[in-house]
Amino acid sequence: MENRTEVAIVGAGFAGMYLLHRLRGMGVQAKVLEAGSGVGGTWYWNRYPGARCDIESIQYSYQFDDQLQQEWEWSERYATQPEILKYAEHVADRYDLRRDIQFNTRVRAATYDESASEWTLQAEDGATLTARIYVMATGCLSVPNKPDLKGLSDFSGPVYHTGEWPHEPVDFTGQRVAVIGTGSSAIQSIPRIARQAKHLTVFQRTANYSIPARNAPLDPDYVKSIKARYKEFRAEASKTPPGIHAVFNPGSVLDASPEEREAAYEERWQKGGLIFMGAFGDAMLSHEANAVPAEFVRRKIHEIVKDPEMADKLCPKNIIGAKRLCVDTEYYPTFNRDNVDLIDIKEQPLKEITANAVVVEGQEVEVDALVIATGFDAMTGALKNVDIQGRGGARLQERWADGPSSYLGLAMADFPNLFTVTGPGSPSVFTNMLPTIEQHVEWIADCIGYMNARNYRCIEATQDAEDEWWAHCQDVASVGIKGTTDSWYIGANIEGKPRVFMPYLGGYPLYCQRCEEVVAEGYKGFAFS
Ligand code: NAP
């Protein structure tokens, strides 16, 4: 690769693409290194059947260019993976981004040279790229979690991980298929696989709450009405905690009458989607309040799933909303099909995988294909996969051995001139990722512009600022009950991963306000040289 640039960006998902475009607009030279052969990040890799976004398409798109958002036409309420990928490719073409993206290049190491104040990135093939500024735009959910399932390598049929799905269509017709896992990826793919396969067995470790998506083609009049006031619509969205345009009732579920609770949750169940949890403001504040929506969904599961034993197994026992809520199309009804079985591997532990079967306690299930839907090494996985060595030999992998820490999810002490987009400590996964990415990218680009205008060569978060922000993140996470359940938010899905609450739970508006204050106070908490 050409081995020098001003800003080296890792990742050509929505963050890396926009940062490249933004920097170009400022006259700053930048280059993107991308492991895949195309743009799109998460939407490039996650091609499993049924993959679609659980944020409405009209909101899950860039807003930095009004012409782009006016011209692009989404076809459904929730866009499919192929449509989102097409959008990412359209953006790459529209802004001529590909000429500065090097594909098929996985970065393995990045080392800071203190004397020159610059980073050298090393790719898997040994090629290097040196840059003054280095940005990790590698996403929160980009490193597949591949549990060490005994005997998996002995399996003679195909094995697919939802997060690394083949680019060619996979045909399960006539096959006996196993899906391991029941998170969002599984919940989206199971109904589709069930319709095609001869038989499907779902191996569930923890039942998940899922709300119907009520997906449908977008009504042209509705789209027209949003586009007529897209800017205001986006501004209104940015004032809500998740940065999503929706009605969030701040009222208390505990103060509501049984009829009011029922009506509120029924209305949101019928509307569909993640806003189900917005019916009352305190559902994540106490177990007592949380039990109301949790019980509502359990009752719905029993109404939909005809076999009461199957329905029992599908009913989550944990609190609702602590793990990421799932949004589905026909998930629970799929378990009424004759060709679908469910095995609870907490009741019947998974023993091993053989050449042609998944063996659980007391049962051997013969299968032709395996779908591993076990999620990701979230939030820190991609950052720790690169051996990042900062000032004085500081290694990020060692620094984060007991869990991550960061200033605003943007920068870390001892790692000068390194920025992360939606790193730990950013509201990231609790928000609509696209506007949050845009906010981070604009903050980083403005910061680079500020440095260039003053001839600053280096920026570094101070340890005090990082410690203070991280303590604040942990304080906020300790309010309510979100952190009380095992989830990938706290690293509980990966064996041996430190249990630390990683995203910032204070919401998008407060986060943005803090970022703006930092700038207004001359980049408070950062040192320049
Ligand atoms: P996930 O939510 O982490 O789910 C992984 C599933 O695999 C869980 O059911 C988990 O069980 C199970 N599992 C993990 N390790 C296992 C093991 N060793 N043996 C058996 N089962 C195991 O992963 P995901 O479904 O890929 O979703 C991850 C996140 O990506 C979502 O939460 C969401 O934020 C995002 N996503 C979004 C969409 C969307 O926009 N609609 C779609 C897909 C993904 P436990 O619960 O017991 O750990």
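Structure: see above.
Just so we're clear, the structure is a prediction, and the values are computed from it rather than from any experiment. (Residues numbered from 1 in each chain as written. Predicted model: local features only at pLDDT ≥ 70, side-chain atom pairs only at ≥ 80, totals over all residues. Heavy atoms only, no water.)

Draft legend 1. The site of the ligand, seen in detail. Taken together, 24 residues are adjacent to the ligand, and Thr182, Ser185, Gln188, Thr206 and Lys323 come closest. Here an oxygen atom of the ligand sits 2.6 Å away from a polar atom, N or O, in the side chain of Ser185. With respect to the ligand, the side chain of Gln188 contributes an N or O atom lying 2.7 Å from a nitrogen atom. If the ligand stood free it would expose 910 Å²; the protein chains cover 88% of that surface. With three residues, helix α5 (residues 184-196) is the single largest residue contributor to the shell around the ligand. For the shell around the ligand, the two domains that each supply at least three residues are domain 1 (4-143 + 377-528) and domain 2 (152-372). (Near = heavy atom within 4 Å. Polar contact = N/O pair within 3.5 Å; in protein donor to acceptor, adjacent residues only side chain to side chain. Areas by Shrake-Rupley, 256 points an atom, 1.4 Å probe, with all protein chains shown as cover. Helix = DSSP H or I, 4+ residues; strand = E, 2+ residues; numbered from the N terminus. Domains from an automatic or database assignment.)

Draft legend 2. Examining the packing of aromatic side chains more closely. Enumeration over the complete set of coordinates arrives at 42 aromatic pairs. With centroids separated by 4.8 Å and ring planes inclined at 80°, the aromatic side chains of Tyr44 and Trp45 adopt a geometry described as edge-to-face. One aromatic cluster is present, built from ring pairs that chain together Phe14, Tyr18, Trp43, Tyr60, Tyr62, Phe64, Trp72, Trp74, Tyr87 and Tyr95. Just above the ring of Tyr44 sits the side chain of Arg47; from NZ or CZ to the centre is 4.9 Å. Lying across the ring of Tyr450, Arg454 places its NZ or CZ 3.8 Å from the centre. (Phe/Tyr/Trp six-rings, centres within 6.5 Å; stacked < 30°, edge-to-face > 60°. Lys NZ or Arg CZ within 6 Å of the ring centre and 35° of its normal.)

Draft legend 3. Up close: the sheet that holds strand β14 (residues 357-360). The sheet built from three strands is open, its strands ordered β13-β14-β15 with antiparallel pairing. If you trace the sheet from one side to the other, it starts and ends with β13 (350-353) and β15 (363-366), each paired once. Each strand axis lies, on average, 20° off the axis of its neighbour in the sheet, ignoring direction. Strand direction decides the pairing type here: β13 and β14, joined by three bridges, are antiparallel. For Ile353, the partnering residue across the bridge sits in β14 and is Val358. (Pairing = 2+ DSSP bridges. Axes fitted to C-alpha atoms, helices over the stretch in contact; angles between N-to-C directions.)

Draft legend 4. The arrangement of the pattern of salt bridges in detail. The tally for this structure, following the rule as stated, stands at 34 salt bridges. Between Asp100 and Arg24 there is a salt bridge, with the nearest N and O atoms lying 2.8 Å from each other. Of this pair, Asp100 sits in the loop between α4 (81-94) and β3 (101-102) while Arg24 sits in helix α1 (residues 14-25), and the two are 76 residues apart along the sequence. Given the relative accessible area of 21%, Arg24 is considered partly exposed. Here Asp377 ties to Lys497 by a salt bridge, and the two come within 2.6 Å at their closest N and O atoms. Of this pair, Asp377 sits in the loop between β16 (369-372) and α12 (381-385) while Lys497 sits in the loop between α15 (463-477) and α16 (508-520); the two residues are 120 residues apart in sequence, bridging distant segments of the chain. Ionic contacts of the salt-bridge type, sharing partners, join the residues Glu262, Glu266, Arg299, Lys300 and Glu303 into one network. (Salt bridge = Lys/Arg side-chain N within 4 Å of Asp/Glu carboxyl O. Buried < 20%, exposed > 50% of the residue type's maximum accessible area, 1.4 Å probe, protein only.)

Draft legend 5. Region of interest: the sheet that holds strand β12 (residues 340-344). Sheet architecture is open: five strands sit in the order β7-β16-β8-β9-β12, paired in parallel fashion. With one partner strand each, in any of the chains shown, β7 (159-161) and β12 form the two edges of the open sheet. If you compare each strand with its neighbour and ignore which way they point, the axes differ by 20° on average. One ladder, built from three bridges, connects β7 with β16; its direction is parallel. Considered in β16, the bridge of His161 is made with Ile372.

Draft legend 6. A look at helix α7 (residues 230-237). Within the sequence span of α7, burial applies to Tyr230, Phe233, Arg234 and Ala237. Down the axis of α7, the buried side of the element spans an arc of 95°, and every buried residue falls inside it. As for α7, its buried residues are in contact with α3 (66-71) and α6 (220-227). (Arc of directions from axis to C-beta. Contact = heavy atoms within 4.5 Å.)

The analysis is restricted to geometry; functional conclusions fall outside its scope.
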